[in-house]
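Next come the chains, spelled out residue by residue.
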Amino acid sequence: EVSNSLSRTIQEKDEDIRAQAEEFNAELDEKDRIAREMETKLEDAVQDLLSLNERLTGMSEEHSEATRLHTEVSNSLSRTIQEKDEDIRAQAEEFNAELDEKDRIAREMETKLEDAVQDLLSLNERLTGMSEEHSEATRLHTEVSNSLS
C-alpha cells in the first residue's frame, strides 16, 4: 500500500512537473516569440536608422554644397556691386567735371555776351548821334542849296 501510495504520489508529482514544464515551455515559447518579434522590430528600426542616416548624410552634403554656392554667389554679387559702384562713381566724377567745364564756358560766354551787348549799346548811341548829326547836316545842306538857287 505504501508502495502504491508512493507510486501515486510520484505519478501525481510527475504530472504536476509535466504540467508545470508544459506551462513553462509555453511561457518560454511566448517569450521566444515576443523576443523574435522584438528582434525583427529592432532590425527594422536599425535599417530605418541606417537609411535615415544615409538620407541625413546626403542632405548634409547638399546643404554644404548649397552653402558653398550661396557664399560663392554672395561674394560674386558683392564684387559686382562694388565694381558697379566704382563705375558709377567714376562716371559721376566725369559727368561732374564735364558739367563744371560747361558751366565755366557758359560763364565765359555770358561775360562775352554782356560785353557784346554793352558794345552794341555803345555803338547804338554813337549811331544815334551820327544819325542826328547827319539829319542836321542834310537839313543844313538843303537850306544852303535852297538859298543858292
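Asks: When you look at the overall build of the protein in this model, what are you seeing that I'm missing?
Replies: Along the protein, the regular secondary structure elements total one helix and zero strands. The C-alpha radius of gyration computed for the protein amounts to 62 Å, which surpasses the reference 15 Å derived for 149 residues by more than 25%, pointing to a less compact arrangement than a globule. A burial count over the protein gives 0% of its 149 residues as buried. Taken as two groups, the 18 positive and 41 negative side-chain charges of the protein have centres that lie 3 Å from each other.

Asks: Looking at this structure, I do not really get the pattern of salt bridges. What am I missing?
Replies: Oppositely charged side chains may form a pair once their charged atoms are brought near each other. Applying the stated criterion to the full structure yields twelve salt bridges. Notably, a salt bridge pairs R33 with E37, separated by 2.3 Å at the nearest N-O pair. With R33 and E37 both in helix α1 (residues 2-148) and four residues apart, this pair spans about one turn of that helix.

Asks: When you look at a negative patch on the surface in this model, what are you seeing that I'm missing?
Replies: On the surface, a cluster of negative charge is contributed by E39, E43, D44 and D48. Positionally, E43 belongs in helix α1. We classify E43 as partly exposed; its relative accessible area is 46%.

Asks: Would you mind showing me how to read a nonpolar patch on the surface here?
Replies: Among the surface-exposed residues, L49, L52, L56 and M59 lie close enough to one another that they form a single nonpolar patch of about 390 Å² accessible area. Checked against the element boundaries, M59 lands in helix α1.

Conventions adopted
- Residues numbered from 1 in each chain as written.
- Predicted model: local features only at pLDDT ≥ 70, side-chain atom pairs only at ≥ 80, totals over all residues.
- Heavy atoms only, no water.
- Helix = DSSP H or I, 4+ residues; strand = E, 2+ residues; numbered from the N terminus.
- Rg over C-alpha atoms; globule rule 2.2 N^0.38 Å.
- Buried < 20%, exposed > 50% of the residue type's maximum accessible area, 1.4 Å probe, protein only.
- Lys, Arg positive; Asp, Glu negative; His and termini not counted.
- Charge placed at Lys NZ, Arg CZ, Asp CG, Glu CD.
- Salt bridge = Lys/Arg side-chain N within 4 Å of Asp/Glu carboxyl O.
- Patch = residues over 30% accessible without salt bridge, like charges linked within 9 Å, V, L, I, M, F, W, Y side chains within 5 Å.
- Areas by Shrake-Rupley, 256 points an atom, 1.4 Å probe, with all protein chains shown as cover.

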